[in-house]
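# Structural overview for review
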Amino acid sequence: MAEIQEAREVRIAEPKFQPYVPPGEIRPEFTFRAIFFGGLFGILFGAVTVYVGLRAGLTVSASIPIAVLSISVLRALGKASILENNIVQTTGSAGESVAGGVIFTLPALIFLGFPLEYARIFLLAFIGGWLGVLFMIPLRRQLIVKEHGNLLYPEGTACADVLIAGDKGGSFAGRVFAGLGLGALYTLFQNENMFALWPSTPDYSPNWFPGSSIRANTTSEYLGVGYIIGPRIAGVIFSGGVFAWLVVMPAIKFFGSHVPGAIFPGTMPISQMSTDQIYGAYIRPMGAGAVAAAGLITLLRTIPTIIGALRAGAKDLAKGAAGAAGQRRTDNDISLKWALLGAGVLLVIMWAMLTWFPIKNAETFGMNNFLAAILVVVFGFLFVTVSSRITGLIGSSSNPISGMAIATLMATCAMFLVMGWTAVAFSALAITIGGVVCIASANAGNTSQDLKTGFLVGATPAKQQLALMVGVTVSVFAIGLTLNLMNSALEEFRPANIAIDVHNLPTGVTQYSGKFERTTVPVAPAKGPDANAAPQAAQEESVQGMTLYTSINSPTVPNGYYFFNPRTQKFEIQWIQGIGSARAAAPQAQLMATVINGILQRRLPWGLILLGVFLVIGVELLGIRSLSFAVGFYLSIATTLAIFAGGVVRWLVEYQGKRKGETTEESEVSPGSLYSSGLIAAGGIVGLAGMVIKVMESRHWIREGAISWGQNFPALASSRLLAVVTFALLGYSLYHFARKPLAGEKR
């Protein structure tokens, strides 16, 4: 920390900025080992971001943890250049940003009734990630160099401080590895797909307060996320959960229990519904309206920034980026003509994919797809510029990426509606456009932070831009695999008993367009009232001869996928896909599907959605930024309570520091934040390993419950007290390491 403060003071003292490595000095930079480890970290943090983001609805920056790990790893392999370490973090951080853009949008394909194909996810993530880098090439001189004093890029500046301190001998990796080790050990025993020695989500649903529930998904990654975002944001997120689960849901149960029939969008009387069923039927539509309204409000706040960014970008392009380039190493960008050519090739690839390899039953014509490519260029460059400038002002964590995606979808769907393009196929086309724009915008924000880091340490821009493209290319392999792994590992099959006339299908029910190749599925019995009871074994049932249907916003059939048995004329089995379930809610992607359905199909529970919209307006009138509240309202309280616990630990650390008169503040490179990064990575890595085991069990490659020790100790496996105590001990370890200074640090 002392080295970091010294680095800041050196820069501030200089009247004219000079990078840490002078432009005329040549050091090892774009080396094989830098690209290798950068790609490795890109795969790792890309997968972890998918895992954590789908479950928590939040992502955290990976640049600083990667920089810290790079300093340690390359130092162990021999003398390392600061520019090499910068290439490692530049390459690796691309995985986290592309993953964030993917999980906010592309899982909406599932909610629209389409399959989540690996090749399609790979190509769209690749195209969006590369466009985010290529569109930033002509903007770098204006935003990074000329506005150095105005656009601070906080994460990029902090990452440069870490690299400079590491080059001077500082080391922070021990704290990250401590979080990795203890977090992995804890998750190994806690995760329901690993040893499962105690309940992963202790639950208390009081009979004296029907409709309510208190629960916490006691994972190491949620604790780490809560610490990093801080007590303020964590508290606002949790307040959304409290309002949903302890106010609205009990009110629905209290008033709805007196109504004998079902109330849309529910399909059974409220008196017979469990808390999870009330949450799925009523809270999620309200939450979707709340998140949509909050995202738009956030975007509207940035309109002055958007206008300023567009004006500045237009002026810079008018001058000619090539003419502005100097001969110094630190001025060399990839040629603008190559950037334009690359963007053109990517758009041709996208057009070809949509035209010749469309989603089954969602085919569109060449002219439709040409317009889609044009919209990607227009909205892509617009929001790449906006994203870069916003991250420069307020940082990546506050960048309203989902709001930009909503704006893209609303404009796209409005155009489709005017032209009469309202068939189901255009829903898939709309989310394709929105997904690519969202990924490009997310990666542009990350690219800007990386280029700022490089500007401060004296990197070569062209080599950083190449490293970012390598990072995107490598990480998209892992992102698609992780999405499909989570979708498979968290899936459930449950009995259904819904009579249906397939010759006169209800509104919103259609035949599934994808493939389902298994002939048997493990059907689990309906959940009992005790959420902490050991789960009962699933029974294999044949689905041979059955037809798969989807239901989206139907007044008679709950949302989901159903196997129709022609002999009984009933939906007999419900297929609950992993993404969209309570354990991987994917709130932003659910929202994108809601926007598309609302505009193109005009088939939504508007009463509930408007309740969410006006709830957000009320929160804004209280002076509270509503996006965090809206996300907390949408997510399960199991997620928001665990995140809040991390925020409480951060508050205790800061409170104790103030009591003792310490001047060191919590930041991205503080001991607690580094330890939390380790906890997040550990939870993601071990959690993904558990999902691999779960998939192997479901395919009968290994025996079910092969490593589940909890089934041999049922008293432990159902002990809520043990779950709470172990989570509290993990929280104490976070407090301890957050209060313990780093080597050489003074408080």
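Just so you know, the residues in each chain are numbered from 1, in the order the chain's sequence is written. For this predicted model, a pLDDT threshold of at least 70 governs which residues receive local features, and a threshold of 80 or more governs which side-chain atom pairs are given and counted, while totals over whole chains, interfaces and linings are taken from all residues. By convention in this description, side-chain values take in all heavy atoms of the structure and omit both hydrogens and water.

A few words on a nonpolar patch on the surface. A cluster of nonpolar side chains, namely Met 367, Phe 370, Ile 374, Val 377 and Val 378, defines an oily patch on the protein surface of about 470 Å² accessible area. Helix numbering and strand numbering both begin at the N terminus, where a helix is a DSSP run of H or I of at least 4 residues and a strand a DSSP run of E of at least 2. With respect to the helices and strands, the residue Phe 370 is situated in helix H15 (residues 366–394). For Phe 370, a relative accessible area of 48% translates into the label partly exposed. The patches reported here contain residues having more than 30% relative accessible area and no salt bridge. Joining distances are 9 Å for like charges and 5 Å for nonpolar side chains (Val, Leu, Ile, Met, Phe, Trp, Tyr). Per-residue and other accessible areas follow the Shrake-Rupley method at a 1.4 Å probe size, with only the shown protein chains counted as cover for residues. A pair is scored as a salt bridge if a Lys or Arg side-chain nitrogen falls within 4 Å of a carboxyl oxygen belonging to Asp or Glu. When a residue's accessible area, from a 1.4 Å probe over protein chains only, is under 20% of the maximum for its type it is buried; when over 50% it is exposed; and in between it is partly exposed.

This part covers empty space enclosed by the protein. A cavity, in this analysis, means grid points on a 1 Å lattice covering only the protein atoms where a 1.4 Å probe fits yet has no way out; a pocket is instead an open set bounded by protein on both sides within 12 Å along at least five of seven lines, and a residue lines either one if it has an atom within 4 Å of a point. Grid points are joined across faces, edges and corners, and a volume is the space filled by probe spheres set on the points. Inspection of every chain in the model, using the stated rule, returns three cavities of 30 Å³ or more. Quantified by volume, the largest cavity comes out at close to 140 Å³. Phe 45, Val 48, Thr 49, Val 60 and Ile 680 are, among the 16 residues lining the largest cavity, the residues nearest its centre. Taken together, the elements giving at least two residues each to the lining of the largest cavity come down to helix H2 (32–56) and helix H23 (671–698). Ranked by residues supplied to the lining of the largest cavity, first place goes to H2 with five residues.

What follows deals with the nonpolar core. With 186 residues, the main nonpolar core has Leu 54, Val 102, Leu 131, Leu 483 and Met 486 as its most contacted residues. Counting residues per element, this core draws most heavily on helix H17 (residues 424–457), which supplies 18 residues. Setting aside residues up to four positions removed in sequence, Leu 131 forms contacts with Ala 343, Leu 346, Leu 347, Val 376, Val 436 and Ala 440. Counting 21 residues, the second largest nonpolar core, distinct from the first, contains Val 248, Ile 252, Met 273 and Val 619. Note on terminology: a nonpolar core comprises buried Ala, Val, Leu, Ile, Met, Phe, Trp, Tyr and Cys residues joined through side-chain atoms within 4.5 Å. A contact between two residues is defined here by any heavy atoms of the two lying within 4.5 Å.

In this description, a line fitted to the C-alpha atoms serves as the axis of each element, helices being fitted only across the stretch in contact, and the angle between N-to-C directions of two axes falls anywhere from 0 to 180 degrees. Contact geometry for helix H20 (residues 606–621) and helix H21 (residues 626–634): axes closest at 9 Å, N-to-C directions at 140 degrees. For the element pair H20 / H21, the angle class is oblique. In the packing of H20 onto H21, the handedness of the crossing is right-handed. Touching Leu 615, Val 616, Val 619 and Glu 620 of H20 are Ser 626, Phe 629, Ala 630 and Phe 633, all from H21. Asp, Glu, Lys and Arg are counted as charged, while Ala, Val, Leu, Ile, Met, Phe, Trp, Tyr, Cys and Pro are counted as nonpolar; the rest, among them Gly, fall into the polar class. Partitioned by chemical class, the residues of the contact of H20 with H21 number six nonpolar, one polar and one charged. For classification purposes, angles smaller than 35 degrees are called roughly parallel, those larger than 145 roughly antiparallel, those between 65 and 115 roughly perpendicular, and all remaining angles oblique. In this scheme the crossing of two helices becomes right-handed for a clockwise turn of the near helix relative to the far one and left-handed for an anticlockwise turn of less than a right angle.

Turning next to the packing of aromatic side chains. Side-chain rings of Phe, Tyr and Trp, where Trp is taken by its six-membered ring, are said to pair if the distance between their centres is within 6.5 Å; with planes under 30 degrees apart they count as stacked, over 60 as edge-to-face, and otherwise as tilted. Under the counting rule described, the total for this entry stands at 37 aromatic pairs. A centroid spacing of 6.1 Å and a plane angle of 25 degrees characterise the contact between Phe 32 and Phe 36, whose relative ring orientation is stacked. In this pair, Phe 32 and Phe 36 both sit in helix H2, four residues apart, roughly one turn of the helix. For Phe 32, a relative accessible area of 70% puts it in the exposed group.

Our focus in this paragraph is the pairing of strand S5 (residues 520–523). The alternating pattern of S5 places Val 521 and Val 523 on a buried face and Thr 520 and Pro 522 on a face that is not buried. A pair of strands is labelled paired if DSSP reports no fewer than 2 bridges between them. Where S5 meets strand S6 (residues 539–542), four bridges bridge the pair, whose relative direction is antiparallel. Residue pairing in the sheet places Thr 520 in a bridge with Ser 542 of S6.

Take the side chain of Ser 97 next. Mapped onto the fold, Ser 97 is located in helix H4 (residues 82–105). A relative accessible area of 5% means that Ser 97 is categorised as buried. Leave out the neighbours within four places in its chain, and Ser 97 touches Ala 442, Asn 443 and Asn 446.

Angle between the axes and distance between the axes: these two values describe a pair of packed helices. Between helix H16 (residues 401–418) and helix H19 (residues 587–601), the least distance of the axes is 9 Å, while the angle of their chain directions is 20 degrees. Judged by the angle between their axes, H16 and H19 are roughly parallel. Of the two possible hands of crossing, H16 and H19 adopt the one that is right-handed. Where H16 approaches H19, its residues Ser 402, Ala 405, Ile 406, Leu 409, Met 410, Cys 413, Ala 414, Phe 416 and Leu 417 are matched on the opposing element by Gln 588, Leu 591, Met 592, Val 595, Ile 596, Ile 599 and Leu 600. Of the residues assigned to the contact of H16 with H19, the class counts are 14 nonpolar, two polar and no charged.

Our next topic: the environment of Ser 581. For Ser 581, the location among the structural elements is in the loop between strand S9 (570–576) and H19. Given a relative accessible area of 7%, Ser 581 falls into the buried group. A C-alpha to C-alpha distance of 10.0 Å links Ser 581 and Leu 54, two positions 527 residues apart in sequence. When neighbours within four sequence positions are excluded, Ser 581 is seen to be in contact with Arg 284, Leu 490 and Ile 576.

This brings us to the confidence of the model for the protein. Here pLDDT means the predictor's own confidence in every residue, given as a number from 0 to 100. Of all residues in the protein, 90% have pLDDT values of 70 or greater, and the mean over the chain is 85. Ignoring residues within four places in sequence, the model shows residues 1–15, a span with pLDDT below 50, making 23 contacts including any to other chains. A low-confidence stretch, residues 321–325 (pLDDT under 50), is modelled with seven contacts involving residues beyond four sequence positions or located in other chains.

Turning next to the side chain of Glu 491. Tracing the chain through its elements places Glu 491 in the loop between helix H18 (461–489) and strand S3 (492–499). We call two N or O atoms a polar contact when they sit within 3.5 Å, provided that within protein one can donate a hydrogen and the other can accept it, with sequence-adjacent residues counted only if both atoms are side-chain atoms. Of note is the side chain of Glu 491, whose polar atom sits 3.0 Å from the side chain of Trp 575. Other than its neighbours up to four places away in sequence, Glu 491 contacts Arg 518, Trp 575, Ile 576, Gln 577, Gly 578 and Arg 699.

The next thing to look at is the pattern of salt bridges. In the structure shown here, the tally under the stated rule is 15 salt bridges. With a closest N to O distance of 2.9 Å, Glu 654 and Arg 650 form a salt bridge. Here the residue Glu 654 and the residue Arg 650 both occupy positions in helix H22 (residues 637–659), the gap between them amounting to four residues, near one helical turn. What you see here is one network of salt bridges that share partners, running through Glu 192, Glu 492, Arg 494 and Arg 583.

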